[in-house]
Amino acid sequence: MDRPTGVADAAVRVGLVAEPGLLRTLVVAVLTATPGFETVGECDPDQDAVATVAAGRPDLVLVDLDAVDDLTVLTGRLHARLPDCAVVGLTARRTARTLRRALRGRVRGVIAKDVPPEELVEQLRAVADGQRMIDPQAALAALDAAVNPLTEREQEVAVAAARGLPDRQIAAQLHLAPGTVRNHVSALLRKTGGRNRWEAVQRAQDAGWI
């Protein structure tokens, strides 16, 4: 990371992309209370996250992976605006899919949401110093997962179905036709052997495919 020359103790500037609520409030509170860190912008993923966060010229951008639908687009735009900025993901889903998705988005770190505040700070410092930090449980899930037979789009449909969304809402969220969503659900049933979408989603989760 391109830190100011000769300013080793300069505060790490952190932007935050997360939904309003407890997580965002707690992260901001922890960083505000920690010497060596400065929060320079926060916004909801549904807003123009790139413009809002980039305005603060952060060294790191913390992104709630569980709240962002198209991570690759978001991180691609961030890296285009801020080439030296590291993106760090926060997640409650320590799965192989979460890790694969983060790596495709060139995320420098994946941190679990339930880590203690001091561990969050330690890992952010490590990323700011140029290291890569990956949650161990997510890494193990990626190693243990069988070869994933689901396409990326089928995984996205399965994740949306796991949240209980109906086909039309999934279609609107993923910019697909309802018939295309039904085809992906049929493929999910076939590849998992599930008798219905709920069982198929559960089997995909148990296998580490989503």
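Residues numbered from 1 in each chain as written. Predicted model: local features only at pLDDT ≥ 70, side-chain atom pairs only at ≥ 80, totals over all residues. Heavy atoms only, no water.

A. Up close: unusual backbone geometry. With a phi angle near 50°, arginine 57 is a residue other than glycine that sits in the positive phi range. With respect to the secondary-structure elements, arginine 57 resides in the loop between helix 2 (49–54) and strand 3 (60–64). Its identity as a non-glycine residue notwithstanding, histidine 175 has a phi of 60°, on the positive side. Along the chain, histidine 175 falls in the loop between helix 8 (167–174) and helix 9 (178–192). By relative accessible area, histidine 175 is classed as exposed at 72%. (Helix = DSSP H or I, 4+ residues; strand = E, 2+ residues; numbered from the N terminus. Buried < 20%, exposed > 50% of the residue type's maximum accessible area, 1.4 Å probe, protein only.)

B. Here's a closer look at the nonpolar core. By size, the foremost hydrophobic cluster in this structure holds 22 residues, and its most contacted members are Leu60, Leu62 and Leu124. Every element with two or more residues in this core is listed here: strand 1 (12–17), helix 1 (22–32), strand 3, strand 4 (86–91), strand 5 (109–112) and helix 5 (117–128). Top contributing element to this core by residue count: helix 5, with five residues. Discounting chain neighbours no more than four positions away, the residues touching leucine 62 are Val14, Gly15, Leu16, Val17, Val27, Leu31, Val88, Leu90 and Leu124. Within the second largest apolar cluster, 20 residues are counted, among which are Val50, Leu74, Val107 and Val110. (Core = buried A, V, L, I, M, F, W, Y, C linked by side-chain atoms within 4.5 Å. Contact = heavy atoms within 4.5 Å.)

C. Layout of the sheet that holds strand 2 (residues 37–43). The six strands lie next to each other as 2-1-3-4-5-6, forming an open sheet whose pairing is parallel. Across the chains shown, the open sheet's two edge strands, defined by having one partner strand only, are strand 2 and strand 6 (133–134). As paired strands, strand 5 and strand 6 are joined by two bridges and run parallel to one another. Across the sheet, valine 110 pairs through a bridge with isoleucine 134, a residue of strand 6. (Pairing = 2+ DSSP bridges.)

D. Spatial organisation of the environment of valine 61. As for its position among the elements, valine 61 is in strand 3. Sequence separation of valine 61 and glutamine 173 is 112 residues, and the distance between their C-alpha atoms is 24 Å. Residues within four places of valine 61 in sequence aside, it is in contact with Gly15, Val17, Val53, Leu78, Cys85, Ala86, Val87 and Val88.

E. Inspection of the pairing of strand 3 at higher detail. Where burial is concerned, most of strand 3 is hidden: five out of the five residues are buried. Covered by surrounding structure in strand 3 are Leu60, Leu62 and Asp64 together with Val61 and Val63, the residues of both alternating faces. The pairing of strand 1 with strand 3 spans four bridges and is classified as parallel. Of the residues in strand 3, the one forming a bridge with leucine 16 is leucine 62. Judged from the five bridges that link them, strand 3 and strand 4 form a sheet pairing that is parallel. Counted as the bridge partner of valine 61 is valine 87 from strand 4. The β-α-β motif built from strand 3, the intervening helix 3 (residues 71–81) and the parallel element strand 4 has right-handed crossover chirality. (Right-handed = clockwise from strand over helix to strand, strands pointing away.)

F. Up close: a negative patch on the surface. A grouping of Glu19, Asp46, Asp69 and Asp70 is seen on the molecular surface, where their side chains present a negatively charged patch. Following the sequence through the fold, aspartate 69 ends up in the loop between strand 3 and helix 3. (Patch = residues over 30% accessible without salt bridge, like charges linked within 9 Å, V, L, I, M, F, W, Y side chains within 5 Å. Areas by Shrake-Rupley, 256 points an atom, 1.4 Å probe, with all protein chains shown as cover. Salt bridge = Lys/Arg side-chain N within 4 Å of Asp/Glu carboxyl O. Lys, Arg positive; Asp, Glu negative; His and termini not counted. Charge placed at Lys NZ, Arg CZ, Asp CG, Glu CD.)

G. Broad picture of the pattern of salt bridges. Inspection of every chain in the model, using the stated rule, returns 14 salt bridges. Residues arginine 24 and glutamate 42 are paired through a salt bridge, measuring 2.9 Å at the closest nitrogen-oxygen approach. With a gap of 18 residues between them, arginine 24 in helix 1 and glutamate 42 in strand 2 connect regions that are remote in the sequence. A relative accessible area of 37% places glutamate 42 in the partly exposed class.

Coordinates in, geometry out; function isn't part of it.
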